[in-house]
Amino acid sequence: MLGRVSGIYGVRGMVKVFSFTEERDTILDYSPWYLGPARRPWVLEDGRMQGEGVVAKLKQVDDREQARALIGQEIAVLRAELPDPGAGEFYWSTLTGLRVLNREGVALGTVSAFLETGANDVMVVGDGKGGELLIPWSAEASAGVDLSAGQIIVDWQADW
């Protein structure tokens, strides 16, 4: 998911967009956008930075009421549209669902999400019993990612 439609802008069907991309306006580099749970494709007609946010015009959305109907819908694009991550870099969606073990081989759970906190990202690990561990995602804490084995090794104690 690259963002979410967060509101309407103007009277000609433009939408406000909350972008999850590192540089907010790079969400405008992708088209079509796949919106909502049904992932219906929408072609991006135009867009720009507006203050601190992003506004966009989607084809066939020509008035406020059509734009209002899109509020809250998540914006996705095809994985093939995204640039390849660099060496040692991963998209969060690639890591979500992987098993997490510490260096001693103790299973800590499964990655359920990531949080961006400013200082460093945080990996949310569900323990399968309703509990969660929050593990900093950093070179020091992450000892290795093995996609073929479906696991991440972390330098983290089971009782932290």
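The coordinates are above.
The paragraphs below set out a description of the structure included in this document. Values in this document were obtained by computation on a predicted structure and should not be read as measured data. (Residues numbered from 1 in each chain as written. Predicted model: local features only at pLDDT ≥ 70, side-chain atom pairs only at ≥ 80, totals over all residues. Heavy atoms only, no water.)

What follows is about the overall build of the chain. Secondary structure assignment for the chain yields 2 helices and 13 strands. Structurally, the chain occupies a C-alpha span of about 60 × 35 × 30 Å along its principal axes. Residues classed as buried in the chain amount to 34% of the 160 residues present. Partitioning the intrachain contacts of the chain with sequence separation of at least 6 by distance along the chain shows that 46% fall at a separation of at least 24. As displayed, the chain has an accessible area near 9600 Å², and 50% of this comes from carbon and sulfur atoms. For the chain, the distance from the average site of its 15 positive side-chain charges to the average site of its 23 negative ones is 10 Å. (Helix = DSSP H or I, 4+ residues; strand = E, 2+ residues; numbered from the N terminus. Buried < 20%, exposed > 50% of the residue type's maximum accessible area, 1.4 Å probe, protein only. Contact = heavy atoms within 4.5 Å. Areas by Shrake-Rupley, 256 points an atom, 1.4 Å probe, with all protein chains shown as cover. Lys, Arg positive; Asp, Glu negative; His and termini not counted. Charge placed at Lys NZ, Arg CZ, Asp CG, Glu CD.)

This part takes up the sheet that holds strand E8 (residues 99–102). Read across the sheet, 6 strands follow the order E11-E10-E9-E8-E13-E12 without closing on themselves; strand pairing throughout is mixed. Both outer strands of the open sheet, strand E11 (132–137) and strand E12 (142–146), are each paired with one neighbouring strand and no more. Between one strand axis and the next, the sheet turns by 35° as a mean value, whatever way the strands run. (Pairing = 2+ DSSP bridges. Axes fitted to C-alpha atoms, helices over the stretch in contact; angles between N-to-C directions.)

Okay, the layout of surface pockets next. Approximately 1400 Å³ is the volume attributed to the largest pocket. Surrounding the largest pocket, 30 residues form its lining, Phe20, Thr21, Glu22, Tyr91 and Trp92 being those nearest its centre. Among the secondary structure elements, those contributing two or more residues to the lining of the largest pocket are strand E7 (74–76), helix H2 (92–95) and strand E9 (107–116). Tallying contributions element by element places H2 first for the lining of the largest pocket, with 3 residues. Broken down by class, the residue content of the lining of the largest pocket amounts to 16 nonpolar, 7 polar and 7 charged. (1 Å grid on protein atoms, 1.4 Å probe; cavity = no way out; pocket = protein on both sides within 12 Å on 5 of 7 lines; lining within 4 Å. Points joined across faces, edges and corners; volume = space filled by probe spheres on them. Nonpolar A, V, L, I, M, F, W, Y, C, P; charged D, E, K, R; others polar.)

Here the focus is the packing of aromatic side chains. Scanning the model with the defined rule gives 3 aromatic pairs in all. Following the ring pairs from residue to residue traces out a cluster consisting of Trp92, Phe114 and Trp137. The cationic tip of Arg40 hangs over the ring face of Trp42; the distance from NZ or CZ to the ring centre is 4.0 Å. (Phe/Tyr/Trp six-rings, centres within 6.5 Å; stacked < 30°, edge-to-face > 60°. Lys NZ or Arg CZ within 6 Å of the ring centre and 35° of its normal.)

Another aspect to go through is the nonpolar core. In terms of nonpolar packing, the biggest core is built from 21 residues, with Val17, Ile27, Trp33, Leu35, Leu58 and Leu70 touching the most fellow members. The biggest single contributor to this core is strand E6 (residues 53–58), with 3 residues. Apart from the residues within four sequence positions on either side, Leu58 is in contact with Trp33, Leu35, Trp42, Val43, Leu44, Glu45 and Leu70. One finds Leu98, Leu108, Val111 and Val154 within the second-largest nonpolar core, a separate group that totals 13 residues. (Core = buried A, V, L, I, M, F, W, Y, C linked by side-chain atoms within 4.5 Å.)

Most peptide bonds adopt trans geometry, and most residues besides glycine take a negative phi value. A cis geometry characterises the amide bond from Ser31 onward to Pro32, with omega recorded as 5°. Mapped onto the elements, Pro32 comes out in the loop between strand E2 (14–19) and strand E3 (33–35). One non-glycine residue, Arg39, lies in the positive phi region at around 55°. With respect to the helices and strands, Arg39 occurs in the loop between E3 and strand E4 (40–42). Since its relative accessible area comes to 34%, Arg39 is described here as partly exposed. Here Gln60, not a glycine, exhibits a phi torsion of approximately 70°, which is positive. Tracing the chain through its elements places Gln60 in the loop between E6 and helix H1 (64–68).

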